[in-house]
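As a plain string of letters, each chain reads:
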Amino acid sequence: MAIDKGIAISCADLQQVGGLKHILLRHWDSNDAIVYGNGAGEHDIDSILTSGSPAEWYLFEFKNQEANMTVNATRENGSTTFECGLSFTLPRMKNTKFHELQNLITGCGMMGIAVDGNGTPFVLGVSEKYANSQVASRSQTQLHLQTMEGGSGSAYTDQNGITVNLMAKQYELPREYIGTIAYYTDATPSALYKATTAA
């Protein structure tokens, strides 16, 4: 596709906010179905469903102003790859947190939604380009654990916690999720920190 329109900068663009509001993670399911939006001016995902029902996600809260999403593109031999990173810090090392972090590495691959400070949700680990057209969960652009770094610190004022770094190698820029996201859907107050996505 050739360039078909210019890009304007609005007043709202100049008053943007950095950082992330929410991070949602889930492992791919063999019954996942992704609907991509590729109409005029679109680069988005309309819905993420599992067996025709809202897909279940889990919210990972983080230390304020210590989470970010990064996008780095490189082009080689005619192909462009996008390394899409998601990093967040969990304060205070604890058994229950380590249990869930251990679960991040037991599945074959994840997808994530990073909701930025402006309220825009970007999907990581889901790419239409080079996707497996028969079984979406077998695509090779999934989100994976890259590193974890943390510790107790030495002084009383040092940080006690762990930073999680996830990475997806995709073949297109992250898409905005324009479907519905419902937060803390399991109970009030939430015990499992569930969320769901629908059309």
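In the block above lies the structure referred to throughout.
Computed from a prediction, not measured in an experiment: that's the story for all the values here.

Draft legend 1. Molecular detail of the overall build of the protein chain. Across its full length, the protein chain carries two helices and 13 strands. Radius of gyration (C-alpha) of the protein chain: 18 Å, near the 16 Å computed for a compact globule of 199 residues. Its C-alpha atoms give the protein chain principal-axis dimensions of about 55 × 40 × 40 Å. Sorting the 199 residues of the protein chain into buried and exposed places 36% on the buried side. Look at the contacts in the protein chain between residues 6 or more apart in sequence, and 67% of them connect residues 24 or more apart. Of the roughly 11,800 Å² of accessible surface on the protein chain, a fraction of 50% belongs to carbon and sulfur atoms. Charge-centre separation for the protein chain: the mean point of 13 positive side chains lies 4 Å from the mean point of 20 negative side chains.

Draft legend 2. Layout of the environment of Gly 85. Structurally, Gly 85 is set in strand 6 (residues 79–91). The class of Gly 85 is buried, set by a relative accessible area of 5%. Measuring from C-alpha to C-alpha, the distance between Gly 85 and Thr 70 comes to 4.9 Å, with 15 residues separating the pair along the chain. When near neighbours in sequence (up to four residues on either side) are disregarded, Gly 85 contacts Asn 68, Met 69, Thr 70, Leu 124, Leu 166 and Met 167.

Draft legend 3. The arrangement of unusual backbone geometry in detail. Following Thr 188, the chain continues into Pro 189 via a peptide bond in cis, with omega recorded as 0°. Assignment of secondary structure puts Pro 189 in the loop between strand 12 (180–183) and strand 13 (194–198). At Ser 51, a position not held by glycine, the phi torsion is positive, near 50°. Tracing the chain through its elements places Ser 51 in the loop between strand 3 (44–50) and strand 4 (53–59).

Draft legend 4. A look at the nonpolar core. Counting residues in each nonpolar core, the largest one holds 21 residues, and the members touching the most others are Ile 23, Leu 25, Leu 86, Phe 88, Leu 104 and Leu 166. For this core, the elements supplying multiple residues, two or more each, are strand 1 (20–27), strand 6, helix 2 (95–104), strand 7 (110–116) and strand 10 (161–170). In terms of residue count, the dominant contributor to this core is strand 6 (five residues). Setting aside chain neighbours within four positions, we find Ile 23 in contact with Tyr 58, Leu 59, Phe 60, Phe 62, Ala 67, Leu 86, Phe 88 and Ile 113. The next biggest cluster of nonpolar side chains, apart from the first, holds 16 residues, and it includes Leu 24, Ile 113, Val 123 and Val 126.

The rules behind each value
- Residues numbered from 1 in each chain as written.
- Predicted model: local features only at pLDDT ≥ 70, side-chain atom pairs only at ≥ 80, totals over all residues.
- Heavy atoms only, no water.
- Helix = DSSP H or I, 4+ residues; strand = E, 2+ residues; numbered from the N terminus.
- Rg over C-alpha atoms; globule rule 2.2 N^0.38 Å.
- Buried < 20%, exposed > 50% of the residue type's maximum accessible area, 1.4 Å probe, protein only.
- Contact = heavy atoms within 4.5 Å.
- Areas by Shrake-Rupley, 256 points an atom, 1.4 Å probe, with all protein chains shown as cover.
- Lys, Arg positive; Asp, Glu negative; His and termini not counted.
- Charge placed at Lys NZ, Arg CZ, Asp CG, Glu CD.
- Core = buried A, V, L, I, M, F, W, Y, C linked by side-chain atoms within 4.5 Å.

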